[in-house]
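Listed below are the residues making up each chain.
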Amino acid sequence: QVQLVESGGGTVQAGGSLRLSCAVSGGTFSSYGMGWFRQAPGQEREFVAAINYRGTNTRYADSVIGRFSISRENPMSTSYLQMNNLKPEDTAVYYCAADRWGAPSRTTQDMIAAALYDYWGRGTQVTVSS
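This section reports on the structure supplied with the text. (Residues numbered from 1 in each chain as written. Predicted model: local features only at pLDDT ≥ 70, side-chain atom pairs only at ≥ 80, totals over all residues. Heavy atoms only, no water.)

1. Quick word on the environment of Ala40
Tracing the sequence through the fold places Ala40 in the loop between strand E4 (33–39) and strand E5 (46–51). Note on Ala40: relative accessible area 16%, which makes it buried. Distance from Ala40 to Thr91, taken between C-alpha atoms, is 6.7 Å for residues 51 residues apart in sequence. Filtering out sequence-adjacent residues up to four positions away, Ala40 remains in contact with Thr91 and Ala92. (Helix = DSSP H or I, 4+ residues; strand = E, 2+ residues; numbered from the N terminus. Buried < 20%, exposed > 50% of the residue type's maximum accessible area, 1.4 Å probe, protein only. Contact = heavy atoms within 4.5 Å.)

2. So, the packing of aromatic side chains
For the coordinates displayed, the defined rule picks out 5 aromatic pairs. Consider the rings of Tyr32 and Tyr119, whose centres lie 6.1 Å apart with planes at 40°: the pair is tilted. With Tyr32 in the loop between strand E3 (18–25) and E4 and Tyr119 in strand E10 (residues 119–120), this pair connects stretches of sequence that are 87 residues apart. Tyr119 carries the same exposure label as Tyr32, and that label is buried. Judged by centre distance (5.3 Å) and plane angle (80°), the rings of Phe37 and Tyr117 are edge-to-face. Taken together, the residues span a long stretch of sequence, with Phe37 in strand E4 and Tyr117 in the loop between strand E9 (92–99) and E10 at a distance of 80 residues. Tyr117 carries the same exposure label as Phe37, and that label is buried. In this structure, Arg45 is placed above the aromatic ring of Tyr95, and the distance from its NZ or CZ to the ring centre is 3.8 Å. (Phe/Tyr/Trp six-rings, centres within 6.5 Å; stacked < 30°, edge-to-face > 60°. Lys NZ or Arg CZ within 6 Å of the ring centre and 35° of its normal.)

Purely spatial values, then, with no claim about function.
Okay, here's the thing in structure tokens:
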């Protein structure tokens, strides 16, 4: 069974930073594309960032370009989302997702769609106060 567990969420003032982690177990992490999504109360889940299986390509939502960065450490089976200059509108539950068919033809354009991901974590809350 593949499991994803997010951590690193919390409450921070606007302009602050957080780093989210997603630990993957029970599968072959090095073959998975990884994504981060978020969902605020009463809103649909939206794409935040994605990284391909080798970490050579990334894609970001327009709203986070220049502020967030996604990365991965394959020996640790972990993906990270570094969030800088946080804004109140970033407040949401953040979810990690894994694309089982991550290589070699999957593109980061493909990975903006939540439906393409096979495994999901249960989320971690990020709250940004003004």
